[in-house]
Amino acid sequence: MSSDQFPQDEPLFRRLAVIGCGNIGSSVVRAVRAAGNGAAHVAVFDPDPEVRARVRELGIADSVQDSLAGAVEGADCVVLCSPVRTYGAITREMGPHLAEGAILTDVGSVKMAVVKDVAPEVPERVHFVPGHPVAGTEKSGPDAGFAELFHGRYWLLTPEEGTDAGAVARVEALWSRVGAIVEVMDAAYHDKVLALTSHLPHLIAYTIVGTAFDVEEQERQDVIRFSAGGFRDFTRIAGSDPTMWRDIFLTNKDAVLEMLQRFTEDLTALQRQIRYGEGDKLFDFFSRTRDVRRRVVEAHQEGTSPWGPDANGGKPASEGGDPE
Ligand SMILES: NC(=O)C1=CN([C@@H]2O[C@H](COP(=O)(O)OP(=O)(O)OC[C@H]3O[C@@H](n4cnc5c(N)ncnc54)[C@H](O)[C@@H]3O)[C@@H](O)[C@H]2O)C=CC1
Ligand SMILES: O=C(O)C(=O)Cc1ccc(O)cc1
């Protein structure tokens, strides 16, 4: 758990550079500026000119730079907020422009592959503290972000052994100031847990929605017409950004495949129980999963859930919140 020992009436950083300004990047920008004591200046770079124009229009950043070098020049903290497979190349390109003692962090949903790609590109004079806010939505782009996204949500950091403790403390303090609950953990452990709690559910949603659309035209229309409850929730998740999720599955391959193997075995067991009319087994299984649901809801209320105590963000289910 974070303990912010830095002066509260001063910004933690002089200049924070946010690289990639979509949903999460723009939420970081908005949240840091709303906090008031995160950074004196928030600079943004995004390679997409339409995104840069929109960020200027929204007026959410202190400056929008037309080059990566221009954004990171003089920055004492840089946050990578683009799809995970872009991080290695970005770090290589901006390396020579990074200041002595600067801190580099990221928001990527996968951590082992990010460490493997980024660490070799980080100059000696720079501290790398990998991170992941366990908060987000299915939406993309700078209009999708909002300042309160991280309130009461976990922000996981996975620094390698030997990382400068002062740099880790500063990153912890920064994300605490935007309202997140910061925890430090091992990158491999992070990837296993997230494969199960986030990546596999997305894969299942993509599959269900794909299956539903791989039917005759008439049935497909009825799937849309009668979609309610469960299926509708799956379409929200399956509407998530294709680039982002392609990158997550390609980079967290081993953990996802391991969890998928377990999942398919359990699904096959259920299939057999249905085929052979084993009602008692189905009932017992559904009773156990109902109990898991009860414990998840309780954990959210008590603040011990991996998604943060306020995991609903006060939103209705249709907007990414939990219906409970
Ligand atoms: N969307 C979510 O719910 C969450 C996403 N994340 C992580 O956040 C990162 C960004 O995701 P979103 O903001 O949702 O995506 P997004 O699609 O809304 O934004 C990504 C932005 O990155 C920019 N970009 C693409 N290539 C780039 C490059 N080479 N250099 C700099 N910028 C580049 C794009 O132009 C775009 O504006 C991903 O790594 C994802 O794993 C983490 C937690 C939650
Ligand atoms: O929209 C949802 O349901 C999410 O699960 C958002 C999300 C996506 C990716 C992450 O790494 C963290 C959170």
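Residues numbered from 1 in each chain as written. Chains lettered and ligands numbered in written order. Predicted model: local features only at pLDDT ≥ 70, side-chain atom pairs only at ≥ 80, totals over all residues. Heavy atoms only, no water.

1. Let's talk about the overall build of the protein chain
- When helices and strands are tallied, the protein chain shows 12 helices and 9 strands.
- Considered along the principal axes of its C-alpha atoms, the protein chain spans approximately 65 × 40 × 35 Å.
- Across the 324 residues of the protein chain, 44% fall into the buried class.
- Split by element, the accessible area of the protein chain, about 16600 Å² in all, is 53% carbon and sulfur. (Helix = DSSP H or I, 4+ residues; strand = E, 2+ residues; numbered from the N terminus. Buried < 20%, exposed > 50% of the residue type's maximum accessible area, 1.4 Å probe, protein only. Areas by Shrake-Rupley, 256 points an atom, 1.4 Å probe, with all protein chains shown as cover.)

2. Focus: the sheet that holds strand β5 (residues 103-106)
- With parallel pairing, the 6 strands of this open sheet are ordered in space as β3-β2-β1-β4-β5-β6. Edge strands, defined here as strands with exactly one partner in the open sheet, are β3 (63-65) and β6 (127-129). When strand polarity is set aside, the average angle formed by the axes of neighbouring strands in this sheet is 25°.
- Pairing of strand β1 (residues 13-19) with strand β2 (residues 39-45) involves 6 bridges; the strand directions are parallel. Counterpart to F13 in the pairing with β2 is A39. (Pairing = 2+ DSSP bridges. Axes fitted to C-alpha atoms, helices over the stretch in contact; angles between N-to-C directions.)

3. Things to note about the confidence of the model for the protein chain
- Per-residue pLDDT for the protein chain has a mean of 92; in total, 92% of the residues score no lower than 70.
- Two numbers describe this predicted complex: its pTM, 0.92, and its ipTM, 0.99. (pLDDT = per-residue confidence, 0-100.)

4. Structural notes on the site of ligand 1
- With respect to spatial proximity, 28 residues lie near ligand 1, and among them I24, D46, S82, S109 and G141 are the closest.
- The backbone of N23 places a nitrogen or oxygen atom 2.9 Å from an oxygen atom of ligand 1.
- Interatomic distance of 2.7 Å between a side-chain N/O atom of S109 and an oxygen atom of ligand 1.
- If you list the elements that add at least two residues to the shell around ligand 1, you get α1 (23-35), α4 (87-94) and β7 (131-133). (Near = heavy atom within 4 Å. Polar contact = N/O pair within 3.5 Å; in protein donor to acceptor, adjacent residues only side chain to side chain.)

5. Points about the state of the cysteines
- Considering all chains together, one arrives at 0 disulfides under this definition.
- Here C77 is not cross-linked by a disulfide; its sulfur's nearest cysteine counterpart is in C81, at 9.9 Å.
- Here C81 stays unpaired: no disulfide links it, and the sulfur of C21, its closest cysteine neighbor, is 7.8 Å away.
- Among the residues examined, C81 registers a relative accessible area of 11% and is labelled buried. (Disulfide = S-S within 2.5 Å.)

6. Points about the environment of Q221
- Position of Q221 among the secondary structure elements: in helix α8 (residues 217-225).
- Accessibility expressed as a relative area gives 42% for Q221, which makes it partly exposed.
- Taking the C-alpha atoms as reference, Q221 lies 23 Å from L203; in sequence the two are 18 residues apart.

7. Some details on the pattern of salt bridges
- This model, assessed by the stated rule, comprises 20 salt bridges.
- In this structure, D4 engages R177 in a salt bridge whose closest nitrogen and oxygen atoms are separated by 2.6 Å. Of the two residues, D4 sits in the segment before β1 while R177 sits in helix α6 (residues 165-177), which places them 173 residues apart along the sequence.
- The partly exposed category is assigned to D4, whose relative accessible area is 23%.
- Counted as one network, the salt bridges with shared partners bring together D291, R294, R295 and E298. (Salt bridge = Lys/Arg side-chain N within 4 Å of Asp/Glu carboxyl O.)

8. Thoughts on the site of ligand 2
- The environment of ligand 2 is formed by S109, H132, A135, G136, T137, E138, H202, R236, M244 and W245.
- Contact between ligand 2 and S109: an oxygen atom at 2.7 Å from a side-chain N or O atom of the residue.
- At 2.8 Å, a side-chain N or O of R236 approaches an oxygen atom of ligand 2.
- The protein chains hide 87% of the 340 Å² of surface that ligand 2 would expose on its own.
- Partitioning the shell around ligand 2 into residue classes produces 3 nonpolar, 5 polar and 2 charged.
- When residues of the shell around ligand 2 are sorted by domain, at least three fall in each of domain 1 (3-186) and domain 2 (189-298). (Nonpolar A, V, L, I, M, F, W, Y, C, P; charged D, E, K, R; others polar. Domains from an automatic or database assignment.)

9. Observations regarding the domain arrangement of the protein chain
- Once the domains are mapped, the protein chain shows domain 1 (3-186) and domain 2 (189-298).
- With centres defined by C-alpha atoms, the gap from domain 1 to domain 2 works out at 31 Å.
- Contact residues are listed per partner, giving 15 residues for domain 1 and 17 residues for domain 2.
- Taken over both partners, the interface formed by domain 1 and domain 2 buries close to 1500 Å², and the fraction arising from carbon and sulfur atoms is 61%.
- Where domain 1 packs against domain 2, one counts 2 salt bridges. (Contact = heavy atoms within 4.5 Å. Buried area = accessible area lost by both parts, 1.4 Å probe.)

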